[in-house]
Amino acid sequence: MIEKERFVPIRIQKNHALLKRIPKNHPKRPDIESDQTRRLAGYKGEQAIDFYLSKLPEKEFLIFHDLRLSNGRYFFQIDTLLISASFALVLEVKNYGGTLFFDPDFNQLIQTNNKGETKGYPNPIEQASQQSAELKKWFQKPNFAIPVEFLIIISKPSTILKTAPGYSKMLQKVQHAQFLLRSIEKIKVSYKNEAMTPKDLKKITRMIIKEHIPETVDILKYYGIPPDDIQTGVICKVCSSYPMKRHFGIWYCTKCQSKDKDAHVHALKDLFLLNKNSPLTNQEICRFLHLPSGDIAKKLLTSMQLPYSGSKKGRVYFPPPGYQQIKELE
Ligand SMILES: [Zn+2]
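Note that the structure is predicted; figures quoted are calculated from it, not measured.

Parameters and conventions
- Residues numbered from 1 in each chain as written.
- Predicted model: local features only at pLDDT ≥ 70, side-chain atom pairs only at ≥ 80, totals over all residues.
- Heavy atoms only, no water.
- Axes fitted to C-alpha atoms, helices over the stretch in contact; angles between N-to-C directions.
- Helix = DSSP H or I, 4+ residues; strand = E, 2+ residues; numbered from the N terminus.
- Parallel < 35°, antiparallel > 145°, perpendicular 65-115°, else oblique.
- Contact = heavy atoms within 4.5 Å.
- Nonpolar A, V, L, I, M, F, W, Y, C, P; charged D, E, K, R; others polar.
- Buried < 20%, exposed > 50% of the residue type's maximum accessible area, 1.4 Å probe, protein only.
- Polar contact = N/O pair within 3.5 Å; in protein donor to acceptor, adjacent residues only side chain to side chain.
- Donors = N, O, S within 2.8 Å, 3.2 Å for Na, K, Ca; no water.
- Tetrahedral: all angles 85-135°; square planar, octahedral: opposite > 155°, others 65-115°.
- UniProt positions renumbered as here; feature names shortened; annotations may be inferred.
- Expected span 1.5 Å × (residues − 1).
- Salt bridge = Lys/Arg side-chain N within 4 Å of Asp/Glu carboxyl O.

Section: the packing of helix α8 (residues 282-289) against helix α9 (residues 294-303)
Contact pair α8 / α9: the axes reach a minimum separation of 9 Å and the direction vectors enclose 95 degrees. Looking at the two axes, α8 sits roughly perpendicular to α9. In contact with Asn 282, Ile 285, Cys 286 and Leu 289 of α8, α9 contributes Gly 294, Ala 297, Lys 298, Leu 300 and Leu 301. Considering only residue class, the contact of α8 with α9 consists of six nonpolar, two polar and one charged.

Here it is as structure tokens:
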């Protein structure tokens, strides 16, 4: 059963909002674009294993996607975590293509693409093994002694896996996605004792959901982009030009003449994604949406039922609940 769903990672959403709202020739655009390409490919790889996970017996496994937990000072991130009554399994998903050589001497991964170009990465086996060790530590807090296993899942079926002679054992932890279920079956055989009662499983589920810390990054600061570089206004979803103009409760595009009642909803999401602090004042929203008055802004925000705190001039608005829980980019 899926206890925590997979959504478009927040960093991808922030990059997406940023790319929509900086000029085409912005000097930071190439950096953001290449980061975005890499992250989108990673997300696609993670989505690719969902097909196999959907074939697992639903009652036997709890599935948590995209977790970020902490043992104190540092966070550890897990792409997918499976928990049964007998063991926990950390899945680290890699979307690398070409040929992958797991180099035991230098503990790194060397990727050779179809053009013969090589690129080095940290060894994902090492990475997943550290995450598992952290998770084991984390489980000790509520006093659960559940064995933790890990697997590196290569999402592209065409990727070739290699290692140095005598090290093939090392690749036991690395599997193509289509063999995921077989690998889980193998692990199941070695953990027959139930370490967790149904009550424990409920407790651990509650804890994981509660202690998951969503990534919060000030994306403008991260790229060193001054807030003034961000193009404000409501974007026309038909022709992508902006700002749209509001007349009698409707947004009009001056370029393609299309009309839209709810175009401000997307602009507001962009603003929440790009903004450093999540609550926004009426004035900030007014400015970003190019609204002629605070009263109109207030009317719009009320119609959106945006959560707020404070009254009158001190009122601040919070993002709509769950606005980051999307399956596809808009
Ligand atoms: Zn338009």
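What to know about α8
Of the positions making up α8, those classed as buried are Asn 282, Ile 285, Cys 286, Phe 288 and Leu 289. Elements that come into contact with the buried residues of α8 comprise α1 (10-21), β12 (250-252), α7 (263-274), β14 (280-281), α9 and β16 (316-317).

Some thoughts on the environment of Asp 103
Tracing the backbone through its elements, the reader meets Asp 103 in strand β5 (residues 99-103). Residues Asp 103 and Pro 227, spaced 124 residues apart in sequence, show a C-alpha to C-alpha distance of 44 Å. Those residues within four positions of Asp 103 in sequence are excluded, and the remaining contacts are Gln 108 and Ile 110. Separated by 3.0 Å, the side chain of Asp 103 and the backbone nitrogen of Asp 105 make a polar contact.

A word on the coordination of the zinc ion
Around the zinc ion, the protein supplies Cys 236 (SG), Cys 239 (SG), Cys 253 (SG) and Cys 256 (SG) as donor atoms, at distances of 2.2 to 2.3 Å. Of note is the zinc ion, whose four donor atoms meet at the metal with angles of 106 to 114 degrees in an arrangement that counts as tetrahedral. Taken in chain order, the donor set of the zinc ion reads C-x2-C-x13-C-x2-C. Classification of Cys 253 by relative accessible area gives buried; the value is 4%. Among the residues examined, Cys 256 registers a relative accessible area of 29% and is labelled partly exposed.

Digging into the UniProt feature "domain: NERD" (unreviewed entry) in the chain
UniProt records the feature "domain: NERD" (unreviewed entry) at residues 41-158, using the numbering of this structure. Strand forms 40% of residues 41-158 and helix 25%; the C-alpha atoms that close the span are 15 Å apart.

Remarks on the environment of Lys 20
For Lys 20, the location among the structural elements is in helix α1. As for Lys 20 and Gln 231, which are separated by 211 residues in sequence, their C-alpha atoms are 8.6 Å apart. If near-sequence neighbours (up to four positions away) are discounted, Lys 20 is found in contact with Ile 235, Tyr 242 and Asp 270.

Overview of the side chain of Gln 36
Mapped onto the elements, Gln 36 comes out in helix α2 (residues 29-53). Relative accessible area serves as the criterion here: at 5%, Gln 36 is assigned to the buried category. A polar contact of 3.0 Å, which involves the side chain of Gln 36, links it to the backbone oxygen of Ile 12. When sequence neighbours within four positions are dropped, the list of residues in contact with Gln 36 reads Arg 11, Ile 12, Asn 15, His 16, Leu 19 and Leu 329.

Here we look at α2
Between its terminal C-alpha atoms α2 stretches 36 Å, which fits the 36 Å expected from 25 residues at 1.5 Å a residue. Of all the residues in α2, the buried ones are Arg 29, Ile 32, Asp 35, Gln 36, Gly 42, Tyr 43, Gly 45, Glu 46, Ile 49 and Leu 53.

Description of unusual backbone geometry
In this model, Tyr 242 is joined to Pro 243 through a cis peptide bond whose omega is 0 degrees. Take Pro 243: it is sitting in the loop between α6 (219-223) and β11 (245-247). For Asp 66, which is not a glycine, the phi torsion comes out positive at approximately 55 degrees. Within the secondary structure, Asp 66 is located in strand β2 (residues 62-70). Overall, the relative accessible area of 27% leaves Asp 66 in the partly exposed class. Of note, the phi angle at Phe 248 is positive, near 45 degrees, even though the residue is not glycine.

A few points about the pattern of salt bridges
The final tally for this structure, using the stated rule, is 17 salt bridges. Between Glu 46 and Arg 6 there is a salt bridge; the shortest N-O distance is 3.3 Å. Linking Glu 46 in helix α2 with Arg 6 in the loop between β1 (2-4) and α1, this pair joins segments that are 40 residues apart in sequence. Judged by its relative accessible area of 3%, Arg 6 falls in the buried class. Of the charged contacts, one joins Glu 149 and Lys 173 as a salt bridge, the two residues approaching to 2.9 Å between their closest N and O atoms. Here the residue Glu 149 occupies a position in strand β8 (residues 148-154), and Lys 173 occupies one in the loop between β9 (160-163) and β10 (174-176), the gap between them amounting to 24 residues.

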